[in-house]
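Results of the structural survey
The residues making up each chain are set out below.
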Amino acid sequence: MTETETVTEAGAGAGTGAATEPEPEPGHGTGTTGAEPWTGDPVRVGLVGAGPWARTMHARMLAAGPETELVSVWARRPEAAAEVAGPYGASVAASFAELLDVCEAVAFAVPPAVQAGLAVRAARAGRALLLEKPLGEDLASARALADAVDEAGAVSQLVLSKRYHPGTREFLSRARRLKVAGARSCYIHGAFLGGEMATAWRLEHGALLDLGPHLLDLLDLAVGPIAEVRGTGDSRRWIELTCEHENGAVSQASLSGAIRLARARTRIELYGEEEELVYDAAELDPEEGWPVLRREFAEAVRGRRSADPDARRGLRLQELLEQVRGSTA
């Protein structure tokens with residue numbers, strides 16, 4: 001028997017270079033499905049970055065409220081920041097320091113090398129952090145960021161977009177009840193072939209840093225903790241990962257951002273003695289995940305306690321990415 005979970009994809013994922021642009025105003029005023037109405041003050045969030053992902057996801061999600069309010073945007077190019085801030089009545093910060101002065105939480109939508117340095121400053125300034133994956137461009141910068149978050153006691157949350165979709169959570173709940181022997185998975189699309197998501201850092205580092213965190217996170221949770229992972233291929237074209245899990249299971253993951261498809265494809269197949277369990281993101285509405293992310297981040301900030309996935313989870317994933325990079329060097 002095959003169980004199929006439909007999960008958020010439709011070409012979108014946090015920082016994934018997905019080709020389909022989300023619709024305006026995600027989940028306005030709805031919060032987490034089934035949650036009590038938000039009655040507290042919105043969390044004042046400053047946004048770092050003014051690229052396509054800042055514009056199409058972060059800004060509109062944070063501005064949709066009621067849990068959060070987009071108060072300011074800072075980017076290297078003030079005119080780009082104004083484009084992102086304008087539709088929501090947010091200010092344009094003249095500097096990163098000015099952004100920190102007007103917000104209580106900072107969301108990052110910048111390349112990992114930029115995020116790693118600025119997020120350390122934000123954590124030390126006592127701001128909560130909404131972080132993109134990967135945490136940094138390499139393991140050292142990711143560890144420095146995670147350590148800074150711990151030392152400052154800062155609240156952190158990681159935008160692993162698929163984790164916030166109800167379908168993903170149902171899949172993981174079912175997976176925990178299975179004894180998995182092996183798994184196959186893929187995350188492939190063609191966004192690196194051209195268009196606004198074909199950004200410099202994605203073209204340089206390829207699918208491993210951009211798409212890899214999503215699949216490694218889900219395989220680590222659905223199959224069991226990954227003990228060792230190695231890769232073959234070219235991350236800028238096609239890379240294949242083989243994971244050995246602590247429970248003896250083996251899983252594989254195919255990653256590419258340079259394959260021309262009609263729509264992005266994310267799929268995980270779990271196999272064992274009992275039944276096959278399939279996670280297929282092809283038919284899901286990505287908009288269902290954004291209100292969950294927004295609500296859980298606001299609850300973490302107000303409760304002054306990080307929720308999973310946080311910076312420590314990001315460091316765990318970065319350690320796995322570093323294993324792959326070492327095996328393909």
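Above this text sits the structure in question.
Because the structure is a prediction, the values reported are computed rather than measured.

Details of the pairing of strand β3 (residues 68-74)
The buried fraction of β3 is high, at 6 of 7 residues. Two elements, strand β2 (residues 43-48) and β3, share 6 bridges in a ladder whose sense is parallel. Bridge assignment links Val 43 to a residue of β3, and that residue is Thr 68. One crossover worth recording links β2 to the parallel β3 by way of helix α1 (residues 52-64), and it is right-handed. As defined by bridge partners, β3 adjoins strand β4 (residues 91-92) across 2 bridges and the pair is classed as parallel.

A closer look at the pairing of β2
Most of β2 sits out of view: 5 of its 6 residues are buried. In this structure, β2 lies alongside strand β5 (residues 105-108), joined through 4 bridges in parallel fashion. Residue pairing across strands places Val 48 opposite Phe 108, the latter belonging to β5.

Digging into the packing of aromatic side chains
Scanning all chains against the criterion turns up 3 aromatic pairs. Plain terms: the ring middles of Trp 53 and Trp 290 are 6.1 Å apart, the flat faces sit at 70 degrees to each other, and that makes the pair edge-to-face. Here Trp 53, found in helix α1, pairs with Trp 290, found in helix α10 (residues 290-303); they are 237 residues apart in sequence, far enough to count as distant. Under the relative-accessibility criterion, Trp 290 is labelled buried at 2%. With 5.8 Å between their ring centres and 50 degrees between their planes, Trp 74 and Phe 96 make a pair best called tilted. Here Phe 96 lies in helix α3 (residues 96-102) and Trp 74 lies in strand β3, a separation of 22 residues in the sequence. For Phe 96, a relative accessible area of 3% translates into the label buried.

About the thresholds
- Starting afresh in each chain, residues are numbered from 1 along the sequence in its written order.
- Confidence filtering applies because this is a predicted model: local features only for residues at pLDDT of at least 70, side-chain atom pairs given and counted only at 80 or more, and all residues used for totals across whole chains, interfaces and linings.
- Note: side-chain values were computed over all heavy atoms of the structure, leaving out hydrogens and water.
- Between buried and exposed lies partly exposed: a residue is buried under 20% and exposed over 50% of the maximum accessible area for its type, with that area taken using a 1.4 Å probe on protein chains only.
- Here a strand is any run of E in DSSP of at least two residues, a helix any run of H or I of at least four, and the numbering for each starts at the N terminus.
- Strand pairing is assigned whenever DSSP identifies at least 2 bridges connecting the two strands.
- Look down the strands so they point away from you; if going from the first strand over the helix to the second traces a clockwise path, that crossover is right-handed.
- The aromatic pairing rule takes the rings of Phe, Tyr and Trp, using the six-membered ring of Trp, and pairs them if the centres are within 6.5 Å, calling planes under 30 degrees apart stacked, those over 60 edge-to-face and the rest tilted.

The values are spatial; any link to function lies outside them.
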